[in-house]
Amino acid sequence: QKEVEQNSGPLSVPEGAIASLNCTYSDRGSQSFFWYRQYSGKSPELIMSIYSNGDKEDGRFTAQLNKASQYVSLLIRDSQPSDSATYLCAVGVTGTASKLTFGTGTRLQVTL
Amino acid sequence: EPEVTQTPSHQVTQMGQEVILRCVPISNHLYFYWYRQILGQKVEFLVSFYNNEISEKSEIFDDQFSVERPDGSNFTLKIRSTKLEDSAMYFCASFSGGAPYEQYFGPGTRLTVT
């Protein structure tokens, strides 16, 4: 069973702080990694994709990938109340058109 | 900005009835997917579709489920005889087939089986 693990949270951070979200995956052959944001009752919204070891930055978001440790993370700088949502880690195993395997998500609460 | 659309947003049906969920993927995307999310649980893959045929399906996608691309724009998921446990949000996603290898999700259809 190929698994994607996330801490369910909630992770509570004050406004303006850095939120750090983590994800581990079991299949060493995984090739593509994604972070989606999901507001309650809504669909997953793509935030970041990452395919190579290292960091990838996009605005306030930075994704980090370490394939040796089978670990993906998402950093959100200058957290805003509007960032309060569930963050889903998704992994593609078999290539660019692969199905995605999702974690259960980490609920982030940004407090005023 | 192009987006995936889905209809209806909410479908209520009785156990044993057939339902068809509809999706319009992003124009010029080549790969299409259905996922579902039971309330409070993780998003689960159902099926992927490329070049007018199923490319992969999960254990959930049994004989009660079928997918079709009836024309150049629509992509449908049919559940032949719904069960109570089919109640979930159903998401359609599409992917262009090239970089940046990202799947974009539609807003979902909430299916309630009574």
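Residues numbered from 1 in each chain as written. Chains lettered and ligands numbered in written order. Predicted model: local features only at pLDDT ≥ 70, side-chain atom pairs only at ≥ 80, totals over all residues. Heavy atoms only, no water.

Visitor: Before we move on, can you summarise the interface of chain B and chain A with the specific residues and values?
Guide: Counting residues at the interface gives 19 residues for chain B and 21 residues for chain A. The junction of chain B with chain A conceals about 1,700 Å² of combined surface from both sides, 57% of it contributed by carbon and sulfur atoms. Taken together, the connections running from chain B to chain A amount to two salt bridges. Where chain B touches chain A, the interface holds seven residue pairs in polar contact (both at pLDDT 80 or more). At the level of elements, β4 (31-37), β9 (88-95) and β10 (104-105) of chain B are the ones that each hand at least two residues to the side of chain B that touches chain A. Broken down by element, the side of chain B that touches chain A gets its largest block of residues, four residues, from β4(B). For the side of chain B that touches chain A, the per-class residue count stands at 13 nonpolar, three polar and three charged. (Contact = heavy atoms within 4.5 Å. Buried area = accessible area lost by both parts, 1.4 Å probe. Salt bridge = Lys/Arg side-chain N within 4 Å of Asp/Glu carboxyl O. Polar contact = N/O pair within 3.5 Å; in protein donor to acceptor, adjacent residues only side chain to side chain. Helix = DSSP H or I, 4+ residues; strand = E, 2+ residues; numbered from the N terminus. Nonpolar A, V, L, I, M, F, W, Y, C, P; charged D, E, K, R; others polar.)

Visitor: For the sheet that holds strand β8 (residues 75-79) of chain B, give the residues involved together with the corresponding values.
Guide: All names here are of chain B. The strand order across the open sheet formed by four strands is β1-β3-β8-β7, and the pairing between neighbours is antiparallel. Looking at strand neighbours, the two that pair on one side only are β1 (5-7) and β7 (65-68), the edges of this open sheet. Here the average twist between neighbouring strands, direction ignored, is 20 degrees. One ladder, built from three bridges, connects β1 with strand β3 (residues 19-24); its direction is antiparallel. When the bridges of β3 are listed, threonine 5 appears paired with valine 24. (Pairing = 2+ DSSP bridges. Axes fitted to C-alpha atoms, helices over the stretch in contact; angles between N-to-C directions.)

Visitor: Any details on the pairing of β4(B)? Residues and values, ideally.
Guide: Residue and element names in this part refer to chain B. Most of β4 is tucked away, with seven of its seven residues classed as buried. Of the two faces of β4, the one lined by Tyr31, Tyr33, Tyr35 and Gln37 and the one lined by Phe32, Trp34 and Arg36 are each fully buried. Relative to strand β5 (residues 44-50), β4 runs antiparallel, the two being bridged by six bridges. Each residue of the ladder has a partner; that of tryptophan 34, found in β5, is valine 47. Once β4 ends, the chain turns through six residues before running back antiparallel as β5, passing glycine 40 with a positive phi of about 85 degrees. Two elements, β4 and β9, share seven bridges in a ladder whose sense is antiparallel. When the bridges of β9 are listed, arginine 36 appears paired with tyrosine 90. (Buried < 20%, exposed > 50% of the residue type's maximum accessible area, 1.4 Å probe, protein only.)

Visitor: Got a sec to walk through the side chain of Asp83(A)? Specific residues and values, please.
Guide: All names here are of chain A. Of note, aspartate 83 is situated in the loop between β8 (71-76) and β9 (85-92). Given a relative accessible area of 1%, aspartate 83 falls into the buried group. Contacts of aspartate 83, omitting those with residues within four sequence positions, involve Arg37, Arg60, Phe61, Ile76, Asp78, Leu108 and Val110.

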